[in-house]
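As a plain string of letters, each chain reads:
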Amino acid sequence: MSTPAAPAVVPDSALADTLLGRLTEVYPAAGDPFRAQEMIAYMKGVAPFLGVRTPERRGLSRTVLAGLPAPDETDCTALALRCFALPEREYHYFAVDYLRRHVKRLSSGFLPVARTLITTVSWWDTVDHLAAHVVGGLVAADPALAPRMDEWIADDDLWIARTALLHQLRFKADTDADRLFSYCLLRSGHPDFFIRKAIGWSLREYAKTAPSEVRAFVAHNSSRLSPLSVREALKNLDPV
């Protein structure tokens, strides 16, 4: 069942004011309308684009950030919510990169903000980074948040469920295997490509740490997992 999130309140932040002022000056100036149309098509029309390619955008981001202090959680919240309120996707990418860089400055109280971002203009290009690097970082820092992932995996919003599946991607030996495997089985019958792909991806990533455990799990549950999930899970494992 989906639990609607309360509207996120954008706090005041002088740092966010400065960043947004710089961003909205520098990014559009580097945009390319023809390239923007290509990017819109590639991303299935999820959002408009300015037409700034990733390497160039990251260089511009360094210019935007130059000389500014490190943020606190209020600054991160304000910056992220304000970036996601802008239509062009490059601003969303800046916010995600900023949160990844400063995730250790965020408390467990940031999780509702992360949920808001995940459910705003939802698509894999932002959701997956938020899942693995922001939500995953929050849960790793505060294991008391893990039960919240138990709620998210059952959510009607496929992007929230996908986040729950992917939040342990970077945990390696610290992965809660029982939780991972139970999530995969819980959503194994989901009809959507993005859920089935996430099941396989999460298993494939854990297989780098525990190949025999993943192989045994897939073998035991092959009738429940979709062919896509099985194929993705076993992609990098040597045949038996």
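The structure contained in this document is the topic of the report that follows. (Residues numbered from 1 in each chain as written. Predicted model: local features only at pLDDT ≥ 70, side-chain atom pairs only at ≥ 80, totals over all residues. Heavy atoms only, no water.)

## A few points about a positive patch on the surface
Turning to step 1, where the next piece is worked out: A cluster of basic residues, R58, R100, R170 and K172, forms a positive patch at the surface.
Turning to step 2, where the next piece is worked out: Locating K172 in the fold gives a position in the loop between α9 (158–166) and α10 (177–186).
Turning to step 3, where the next piece is worked out: Given the relative accessible area of 58%, K172 is considered exposed. (Patch = residues over 30% accessible without salt bridge, like charges linked within 9 Å, V, L, I, M, F, W, Y side chains within 5 Å. Areas by Shrake-Rupley, 256 points an atom, 1.4 Å probe, with all protein chains shown as cover. Salt bridge = Lys/Arg side-chain N within 4 Å of Asp/Glu carboxyl O. Lys, Arg positive; Asp, Glu negative; His and termini not counted. Charge placed at Lys NZ, Arg CZ, Asp CG, Glu CD. Helix = DSSP H or I, 4+ residues; strand = E, 2+ residues; numbered from the N terminus. Buried < 20%, exposed > 50% of the residue type's maximum accessible area, 1.4 Å probe, protein only.)

## Structural notes on the packing of helix α1 (residues 14–29) against helix α5 (residues 89–101)
Turning to step 1, where the next piece is worked out: For the pair α1 and α5, the least separation of the axes is 11 Å and the interaxial angle reads 135°. When the interaxial angle is binned, α1 and α5 end up oblique. Crossing of α1 against α5: the hand is right-handed. Contacts from L15, L19, L23, T24, Y27 and P28 of α1 reach α5 at E90, Y91, F94 and Y98. (Axes fitted to C-alpha atoms, helices over the stretch in contact; angles between N-to-C directions. Parallel < 35°, antiparallel > 145°, perpendicular 65-115°, else oblique. Left-handed = near helix turned anticlockwise from the far one by under 90°. Contact = heavy atoms within 4.5 Å.)

## A closer look at helix α2 (residues 33–42)
Turning to step 1, where the next piece is worked out: Regarding α2, the residues found buried are R35, A36 and M39. In a view along the axis of α2, the buried residues occupy a sector of 105°, so they form one face of it. The exposed set on the far side of α2, more than 90 degrees from its buried face, consists of P33, F34, Q37 and A41.
Turning to step 2, where the next piece is worked out: Those residues of α2 that are buried are in contact with α3 (54–65) and α5.
Turning to step 3, where the next piece is worked out: The distance from a side-chain oxygen at the start of α2 to the backbone nitrogen of F34 is 2.9 Å, and the residue carrying that oxygen is D32.
Turning to step 4, where the next piece is worked out: Where α2 ends, the next residue or the one after it, K44, has phi of about 60°, a positive value. (Arc of directions from axis to C-beta. Polar contact = N/O pair within 3.5 Å; in protein donor to acceptor, adjacent residues only side chain to side chain.)

## Some thoughts on the packing of helix α7 (residues 124–141) against α9
Turning to step 1, where the next piece is worked out: Running from N to C, α7 and α9 cross one another at 40°; their axes reach a closest spacing of 9 Å. In terms of axis orientation, α7 runs oblique to α9. Handedness of the α7/α9 crossing: right-handed. Contact residues: W124, V127, D128, A131, A132 and V135 in α7; W159, R162, T163 and L166 in α9.

## Thoughts on the pattern of salt bridges
Turning to step 1, where the next piece is worked out: Counted according to the given criterion, the structure contains 14 salt bridges.
Turning to step 2, where the next piece is worked out: One salt bridge connects R57 with D97, and the closest N-O pair in it is separated by 3.1 Å. One end of the pair, R57, is in helix α3; the other, D97, is in helix α5, with 40 residues separating them in the sequence.
Turning to step 3, where the next piece is worked out: On the accessibility criterion, R57 (4% relative accessible area) is buried.
Turning to step 4, where the next piece is worked out: D97 gets classed as partly exposed once you look at its relative accessible area, which sits at 28%.
Turning to step 5, where the next piece is worked out: With a shortest N-O distance of 2.8 Å, R162 and D128 are connected by a salt bridge. Of this pair, R162 sits in helix α9 while D128 sits in helix α7, and the two are 34 residues apart along the sequence.
Turning to step 6, where the next piece is worked out: Classification of R162 by relative accessible area gives buried; the value is 3%.
Turning to step 7, where the next piece is worked out: What makes D128 buried here is its relative accessible area of 9%.
Turning to step 8, where the next piece is worked out: Among the charged side chains, a salt-bridge network with shared partners connects K197, R204, E232 and K235.

## Details of the environment of M149
Turning to step 1, where the next piece is worked out: One can find M149 in helix α8 (residues 146–152).
Turning to step 2, where the next piece is worked out: Residues M149 and E232 lie 83 residues apart in sequence; the distance between their C-alpha atoms is 22 Å.
Turning to step 3, where the next piece is worked out: Residues within four places of M149 in sequence aside, it is in contact with L111, V135, V139, A164, H167 and Y183.

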